[in-house]
Amino acid sequence: MLLDRINAVNDIKKIDPEDYPALAEEIRQFLIGHISKTGGHLGSNLGTVELTMALHLSFQLPEDKIIWDVGHQSYTHKLLTGRKDQFDNLRKFGGMSGFPKRKESNCDSFDTGHSSTSISAGLGLVKARDIQGQKNSVISVIGDGSLTGGMAYEALTNAAKLETNFIIVLNDNNMSISENVGGISKYLNNIRTANAYLDIKEGVYNTLKDIPRGDRIVEGIRKAKSGFKQLVVPGMFFEDMGITYLGPVDGHNIPAMLRMFQEAKRVRNTVIVHVITQKGKGFEPAERHPARFHGAEPFDTETGIPLNPRTTANYTDIFSTVMCKLGARNEKVVAITAAMPDGTGLKRFRNMYPDRFFDVGIAEEHAVTFAAGLAVGGLKPVVAIYSSFLQRAYDQIIHDVCIQNLPVVFAVDRAGIVGSDGETHQGIFDLSYLSSIPNMHVMAPKNKWELSDMMKYALSLNAPVAIRYPRGEAYAGLKEFRAPIESFHAEAIYLEKDVCLLAVGSMVKTAEEVRRLIREAGYGCSLINARFVKPIDEKAVEYAKKHHGITAAMEENVASGGYGERVREYFDTLPGEGELLNFAIPDEYVEHGNVDLLKKEIGIDAESIAGAILARLKERE
């Protein structure tokens, strides 16, 4: 096999060009075979096989730097840099990450995971290169979806000022930018980027700039050309910014891309190479359903059907159902998401109430301020965004929502440890950053029924509310405990002696197991469902300290600024000899891996918590 000959970076350059199509097919079959077992991002990687090969053939790694926007499409890059043997442990604890990691390889130039960052990072690498007198190439690879994020345009504005080479590869997999492309644009593109043309253009412009009023002449020439070019040349948006546009080029045609990248190297400013790819290419189920194979669970390689299909509802499903019901009852309820209608469960709401659904693209900051405007206008906006992505809108939550005390509901999905996607996607900071904001109310449901009740309560409250819930199956236990949601009141589930567990959201299920282990050891154990993280129920804290020797605060969030710290702040002002233990995620990033394994590793699983509490009880005896 050709792939067996690639064991280190730049080995691809030893492959005969006639064998490139065969190598691309081998890579696709390798990816399908491995991701069908481990899960991972399939569609995006199948779509960038030839593009990645062309980049590795055109540039010299690790000297040249490739920055992958988001980074979920970097699997072929990892294959071509000697990491083939690590794919058996892709996204597993201690195994290879599904995203670029500098600590994993010196060919990974920048750690990514979130959208729209690659141009800013690339621009920084370009400036660092130039200041130090280096000559390497810097290439940022960004998808058309990531261009919906405002940060990309902020970076483009600065990149347009460059007078040195910086290559941006626009990986367009739905042709959203190139609908008006035809033969004449290809012809003009070939003329505009031919070697002779570049030399003449640069020579003329430089000569004119050196004579009196030369800048005006140059500007006149540019204006004279612009009218015709606007009509026939694609990419004029970039050209008008001062960025050279090359393309479009077939992203599955390696020779064509090799020629284009050679031309791009010669441009002495920022240059965009527009590449057209097909997401999911080479695997029919992924071609037909690219969204389904964006992040795939293990699947059958013949049919694409998941090997372990879900049979029970997850929290996103519950949220989806509740939103549709709330939309039917109140026509002022509107929904906003940032390019995640499927992931957040709002697709059904969109289908039912298209005029009240807004997908703003990968623009979390805009989503929040837009929601604030909707609220001022008299509507009831619900903003559904993953926990790790909502971080990007922190300023807007403070400045545009909470200072005005506006009734915006934040449905914070994927809160807590999410597992295989690693540090950039773990939702472990939201309790801290949301609880720090005046006027914000923060809640977390213990099970699927409580999520429904909290959504209804949040929409009735004329103030900002965040409800955070985890990824995965919605807990169906404790159904018999469904006390009405009352402002800032916790819910007592079991009241005994010795130990009191104050558990937040998903940790209530864990607390049930902790309680069982403590009672088996001969001690009593109360369990209180916190419900509200901000403000905390002070009466519940008072009760816990007064009637128990040990109180344990449990949360799936970093300890710093979390629920436990808020409880501690009040707990220590109370009289009595009770002791508070805080079980939370340490002040560190949590890497990729199985969720249960990660919880055990950081000490917030039931056995670890019960063991620590029992050890302290014995010390106190």
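Above this text you will find the structure in question.
Read on for an overview of the structure. (Residues numbered from 1 in each chain as written. Predicted model: local features only at pLDDT ≥ 70, side-chain atom pairs only at ≥ 80, totals over all residues. Heavy atoms only, no water.)

**A look at the overall build of the chain**
Helices and strands together make up the secondary structure of the chain, namely 24 helices and 17 strands. Burial analysis of the chain (621 residues in total) assigns 57% to the buried set. Partitioning the contacts of the chain with sequence separation of at least 6, the portion at a separation of at least 24 is 75%. Roughly 26,200 Å² of accessible area belongs to the chain as shown, and the carbon and sulfur atoms make up 51% of that amount. Across the chain, the centroid of the 71 positively charged side chains sits 3 Å from that of the 79 negatively charged ones. (Helix = DSSP H or I, 4+ residues; strand = E, 2+ residues; numbered from the N terminus. Buried < 20%, exposed > 50% of the residue type's maximum accessible area, 1.4 Å probe, protein only. Contact = heavy atoms within 4.5 Å. Areas by Shrake-Rupley, 256 points an atom, 1.4 Å probe, with all protein chains shown as cover. Lys, Arg positive; Asp, Glu negative; His and termini not counted. Charge placed at Lys NZ, Arg CZ, Asp CG, Glu CD.)

**Regarding the environment of tyrosine 315**
By secondary structure assignment, the location of tyrosine 315 is in helix H13 (residues 315-329). Sequence-wise, tyrosine 315 and tyrosine 469 are 154 residues apart; in three dimensions their C-alpha atoms are separated by 6.9 Å. Among residues more than four places away in sequence, those in contact with tyrosine 315 are Lys446, Asn447, Lys448, Leu451, Tyr469, Pro470, Gly472, Glu473, Ala474 and Tyr475.

**Considerations on the sheet that holds strand E16 (residues 550-558)**
Reading across the sheet, the five strands line up as E12-E14-E13-E16-E17 and stay open at both edges, with mixed pairing between neighbours. The sheet is open, and its two borders are formed by strand E12 (491-494) and strand E17 (579-585), each paired with just one other strand. Pairwise comparison of adjacent strand axes, ignoring direction, gives a mean angle of 20° for this sheet. (Pairing = 2+ DSSP bridges. Axes fitted to C-alpha atoms, helices over the stretch in contact; angles between N-to-C directions.)

**Some remarks on a positive patch on the surface**
Residues Lys325, Arg329, Arg348 and Lys456 make up a contiguous surface patch of positive charge. Positionally, lysine 456 belongs in helix H19 (residues 448-460). Judged by relative accessible area, which is 36%, lysine 456 ranks as partly exposed. (Patch = residues over 30% accessible without salt bridge, like charges linked within 9 Å, V, L, I, M, F, W, Y side chains within 5 Å. Salt bridge = Lys/Arg side-chain N within 4 Å of Asp/Glu carboxyl O.)

**What to know about the nonpolar core**
Grouped burial of nonpolar side chains is what soluble globular proteins tend to show. Within the largest apolar cluster, 67 residues are counted, with the highest numbers of intra-cluster contacts made by Phe319, Met455, Leu501 and Ile613. The dominant element in this core, judged by the number of residues it contributes, is H13, at seven residues. The contacts of isoleucine 613, once residues within four sequence positions are left out, are Val499, Leu501, Val514, Ile518, Ile550, Ala552, Leu581 and Phe583. Within the second largest apolar cluster, 53 residues are counted, among which are Leu90, Val141, Val169 and Ile254. (Core = buried A, V, L, I, M, F, W, Y, C linked by side-chain atoms within 4.5 Å.)

**Description of unusual backbone geometry**
In the segment running from glycine 247 into proline 248, the intervening peptide bond is cis, with an omega of 5°. Checked against the element boundaries, proline 248 lands in strand E4 (residues 244-250). At the junction of lysine 534 and proline 535, the peptide bond is cis and its omega measures out at -5° in the coordinates. Residue position: proline 535 is located in the loop between strand E15 (532-534) and helix H21 (538-547).

**Focus: the side chain of serine 506**
Within the secondary structure layout, serine 506 lies in the loop between strand E13 (499-503) and helix H20 (507-520). Sequence-distant contacts of serine 506, defined by excluding residues within four places in its chain, comprise Pro445, Pro470 and Glu556.

**Things to note about the environment of serine 97**
Structurally, the position occupied by serine 97 is in the loop between helix H4 (75-79) and helix H5 (118-131). Note on serine 97: relative accessible area 2%, which makes it buried. Separated by 506 residues in sequence, serine 97 and glycine 603 have C-alpha atoms that sit 22 Å apart. Other than its neighbours up to four places away in sequence, serine 97 contacts Lys78, Leu90, Glu104 and His592.

**Let's talk about the environment of isoleucine 168**
Position of isoleucine 168 relative to the elements: it lies in strand E3 (residues 166-172). Placed 306 residues apart in sequence, isoleucine 168 and alanine 474 show a C-alpha to C-alpha distance of 42 Å. What isoleucine 168 contacts, discounting residues up to four positions off in sequence, is Ile119, Ser140, Ile142, Leu156, Thr270, Val271, Ile272 and Val273.

**Re the state of the cysteines**
For the structure on display, the rule yields zero disulfides. Of all cysteine sulfurs, the one in cysteine 500 lies closest to cysteine 525, which takes part in no disulfide; the gap is 7.5 Å. Exposure remark for cysteine 525: the relative accessible area of 0% places this residue in the buried category. (Disulfide = S-S within 2.5 Å.)

**Considerations on the pattern of salt bridges**
Applying the stated criterion to the full structure yields 32 salt bridges. The salt bridge involving aspartate 572 is made with arginine 568; its shortest N-O contact spans 3.6 Å. Here arginine 568 falls in the partly exposed class, since its relative accessible area comes to 32%. Among the salt bridges present, the one from glutamate 579 reaches arginine 620, with a minimum N-O distance of 3.0 Å. Here glutamate 579, found in strand E17, pairs with arginine 620, found in helix H24 (residues 606-620); they are 41 residues apart in sequence, far enough to count as distant. Look at glutamate 579 and you get buried, because its relative accessible area is 18%. Through salt bridges with shared partners, a single ionic network connects Lys78, Arg83, Glu104 and Asp108.

**Details of the packing of aromatic side chains**
In total, this model carries 19 aromatic pairs according to the counting rule given. Within the aromatic cluster, the residues linked to one another by ring pairs are Tyr153, Phe237, Phe238 and Tyr245. The positively charged end of lysine 265 is found above the aromatic ring belonging to phenylalanine 59, 4.8 Å away from the centroid. Taking the ring centre of phenylalanine 571 as reference, the NZ or CZ of lysine 545 above it sits at 4.5 Å. (Phe/Tyr/Trp six-rings, centres within 6.5 Å; stacked < 30°, edge-to-face > 60°. Lys NZ or Arg CZ within 6 Å of the ring centre and 35° of its normal.)

**Here we look at the sheet that holds strand E11 (residues 465-468)**
If you walk across this open sheet you meet the seven strands as E7-E6-E8-E9-E11-E10-E15, and the pairing is mixed. At either end of the open sheet lies a strand with only one pairing partner, and these are strand E7 (357-359) and E15. In this sheet, neighbouring strand axes are inclined to one another by 20° on average, regardless of whether the strands run parallel or antiparallel. Relative to E11, strand E10 (residues 441-443) runs parallel, the two sharing three bridges. Note that in E11 the partner of valine 442 across the bridge is alanine 466. The sheet contacts of helix H15 (residues 364-376) involve strand E6 (333-337), E7, strand E8 (380-386) and strand E9 (409-413), and relative to E8 the element is tilted by about 165°.

**Points about the pairing of E4**
The element E4 is largely enclosed, with a buried count of five among its seven residues. Two elements, E4 and strand E5 (residues 270-276), share five bridges in a ladder whose sense is parallel. Considered in E5, the bridge of aspartate 250 is made with isoleucine 276. Crossover connection from E4 via helix H11 (residues 254-266) to parallel E5: handedness right-handed. (Right-handed = clockwise from strand over helix to strand, strands pointing away.)

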